[in-house]
Amino acid sequence: MEQLTLNLKKQIIEVLNLKHLRPEDIVNDQPLFGDGLGLDSIDALELIVLLQQQYSIRLADPQEGPKIFKSVNTMAEYIKANQKP
Amino acid sequence: MTDFYCIIRNNKIVKDGVVLFEQENKPDNDFLTEAYDKLGISYPKFYKMDRLSKLGFIAAELLLSTIQGKYQADELAIVLSNSNSSLDTDLRFWDSVKTQASPSLFVYTLPNIVIGEICIRHGIKGENLFFVSPQFDSDWISSYVDMLLVGKKAKFCLAGWIDILADRADVFLYLTDKSISSSKISERYHSWNN
């Protein structure tokens, strides 16, 4: 799980162009949107693409987005539960 | 009278005839990021912008700092123009479509997004327009700016040319609150060509 969260942080920084951040700047349970990392709706779309490209997970229900993309921890848990072996 | 201008081309950033930043033999994107760092700007969203927006953002940053606090949100107009529209980013987006279309590139596939980025940064709600024309037309721009200023549609106007395609960036923005002759604008635009 620790490796997965670290990889996720690196991928989030890369795909969202957060070049002012390092992986250690992102706390695992820090909110990704709003007052946390300050991501916006376009970033949310990029996170959906990230799940598809890096983990072959297609978001079945977009309504689940806010719950899945709440933090790095929630993303990691969703990936762990949905990634095919 | 407010009369400032900024040129970005040939890997140089020039404000009012003074070179503020210069970087030899660097691709434009590195040039822009290094310029952002060296000029001491702090606005993390800069990294997410396309190159057209980064160019406009830096030039606007340098010019609008001269009139900070001197205008209301609706008193500053922005009139920009270029010849390549958003083609630089359109091509990158088209390239991304071959694998996975990038939402963050897609949102920059309009030339006037650069105006939006400047407005968001500086809280501007004034008139704004983006013209696409074969080359910089100082007569047209100066007459349009005059119309906005004389007609009291704006107290200040940020105007000019902002173009990029592949390795060629060409930016000339000026900030004014009074009429500036077309010939003077043209003369400034053609300076720092080497």
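Everything quoted here is computed from the prediction, not taken from an experiment.

Caption draft 1: Focus on the overall build of chain B. Across its full length, chain B carries 7 helices and 7 strands. Along the chain direction, N to C, the helices and strands of chain B fall in the order β-β-β-α-α-β-α-α-α-β-α-β-β-α. A compact globule built from 194 residues should have a C-alpha radius of gyration of about 16 Å, and chain B, at 16 Å, falls within 12% of that. Here the C-alpha coordinates of chain B stretch approximately 50 × 35 × 30 Å along the principal axes. Counting over 194 residues, chain B shows a buried share of 52%.

Caption draft 2: Quick look at the packing of aromatic side chains. All names here are of chain B. What the rule picks out here adds up to 17 aromatic pairs over all chains. Both rings, one in Tyr-5 and one in Phe-172, keep their centres 6.2 Å apart while their planes meet at 50°; by these two values the pair is tilted. You can see Tyr-5 sitting in strand E1 (residues 3-9) and its partner Phe-172 sitting in strand E7 (residues 168-176), a full 167 residues away along the chain. By the burial criterion, Tyr-5 is buried, and Phe-172 matches it. Each ring, one from Phe-93 and one from Phe-106, has its centre 5.4 Å from the other, and the planes form 50°; the classification is tilted. On the criterion of sequence distance, the pair formed by Phe-93 in helix H3 (residues 87-97) and Phe-106 in helix H4 (residues 103-106) is long-range, its members being 13 residues apart. Among the aromatic side chains, those forming a connected cluster through ring pairs are Tyr-5, Phe-136, Trp-161, Phe-172, Tyr-174 and Tyr-189.

Caption draft 3: A look at the interface of chain A and chain B. Taken together, the contact pairs 12 residues of chain A with 9 residues of chain B. Here chain A and chain B share an interface that buries about 980 Å² over both sides, 60% of which is from carbon and sulfur atoms. Per-residue buried area on chain A facing chain B is highest for His-20, Ile-42 and Glu-46 of chain A; these three make up 39% of the total on that side. Here chain A and chain B share 1 salt bridge between them. Asp-43 of chain A is the partner of Lys-48 of chain B in a salt bridge, and the nearest nitrogen-oxygen pair spans 2.6 Å. Here the residues of the side of chain A that touches chain B sort into 5 nonpolar, 4 polar and 3 charged.

Caption draft 4: Looking closely at the layout of surface pockets. Residues and elements named next belong to chain A. Of the pockets and cavities examined, the largest pocket occupies roughly 580 Å³. Of all the elements, helix H2 (residues 41-55) adds the most residues to the lining of the largest pocket, at 5 residues. Split into classes, the residues belonging to the lining of the largest pocket amount to 7 nonpolar, 10 polar and 8 charged.

Caption draft 5: Region of interest: the sheet that holds E7 of chain B. Residues and elements named next belong to chain B. The mixed open sheet is built from 7 strands, whose spatial order is E3-E2-E1-E7-E6-E4-E5. Edge positions in the sheet fall to strand E3 (18-22) and strand E5 (128-132), since each has one partner strand and no second. Going across the sheet, the axis of each strand differs from the next one's by a mean of 15°, ignoring polarity. Here strand E6 (residues 156-165) pairs with E7 via 9 bridges, running antiparallel. For Cys-157, the partnering residue across the bridge sits in E7 and is Thr-176. Against the sheet, helix H2 (residues 51-64) touches E1, strand E2 (12-15), E3, strand E4 (76-82), E6 and E7, its axis set at about 150° to E6.

Caption draft 6: Looking closely at H2 of chain A. In a regular helix each residue adds 1.5 Å, so 15 residues correspond to 21 Å; H2 of chain A covers 21 Å between its end C-alpha atoms and thus fits that length. Considered for burial, the residues of H2 of chain A that qualify are Asp-43, Glu-46, Leu-47, Val-49, Leu-50, Leu-51, Gln-52 and Tyr-55 of chain A. In this structure, the buried residues of H2 of chain A make contact with helix H1 (2-15) and helix H4 (72-82) of chain A together with H4 of chain B. Two or three places before Ile-42 of chain A, at the start of H2 of chain A, stands the capping residue Asp-40 of chain A, its side-chain oxygen 3.2 Å from that residue's backbone nitrogen. Following H2 of chain A by one or two positions, Ser-56 of chain A adopts a phi angle in the positive range, close to 55°.

Caption draft 7: Molecular detail of the packing of H1 of chain A against H2 of chain A. Residues and elements named next belong to chain A. Where H1 contacts H2, the two axes come as close as 11 Å, and the packing angle between them is 125°. Between H1 and H2, the interaxial angle falls into the category oblique. Note that H1 runs across H2; the crossing there is right-handed. Mapping the contact onto sequence places Leu-4, Asn-7, Leu-8, Gln-11, Ile-12 and Val-15 in H1 and Leu-47, Leu-50, Gln-54 and Tyr-55 in H2. For the contact of H1 with H2, the residue count by class is 7 nonpolar, 3 polar and no charged.

Caption draft 8: Expanded view of the pairing of E3 of chain B. Residue and element names in this part refer to chain B. Bridge count for E2 against E3 is 4 bridges, and the pairing is antiparallel. Bridging from a neighbouring strand, Lys-12 pairs with Glu-22 of E3. A loop of 2 residues connects E2 with E3, the two strands running antiparallel in sequence, and Asp-16 in this loop sits at a positive phi of about 50°.

Cut-offs used in this document
- Residues numbered from 1 in each chain as written.
- Chains lettered and ligands numbered in written order.
- Predicted model: local features only at pLDDT ≥ 70, side-chain atom pairs only at ≥ 80, totals over all residues.
- Heavy atoms only, no water.
- Helix = DSSP H or I, 4+ residues; strand = E, 2+ residues; numbered from the N terminus.
- Rg over C-alpha atoms; globule rule 2.2 N^0.38 Å.
- Buried < 20%, exposed > 50% of the residue type's maximum accessible area, 1.4 Å probe, protein only.
- Phe/Tyr/Trp six-rings, centres within 6.5 Å; stacked < 30°, edge-to-face > 60°.
- Contact = heavy atoms within 4.5 Å.
- Buried area = accessible area lost by both parts, 1.4 Å probe.
- Salt bridge = Lys/Arg side-chain N within 4 Å of Asp/Glu carboxyl O.
- Nonpolar A, V, L, I, M, F, W, Y, C, P; charged D, E, K, R; others polar.
- 1 Å grid on protein atoms, 1.4 Å probe; cavity = no way out; pocket = protein on both sides within 12 Å on 5 of 7 lines; lining within 4 Å.
- Points joined across faces, edges and corners; volume = space filled by probe spheres on them.
- Pairing = 2+ DSSP bridges.
- Axes fitted to C-alpha atoms, helices over the stretch in contact; angles between N-to-C directions.
- Expected span 1.5 Å × (residues − 1).
- Polar contact = N/O pair within 3.5 Å; in protein donor to acceptor, adjacent residues only side chain to side chain.
- Parallel < 35°, antiparallel > 145°, perpendicular 65-115°, else oblique.
- Left-handed = near helix turned anticlockwise from the far one by under 90°.

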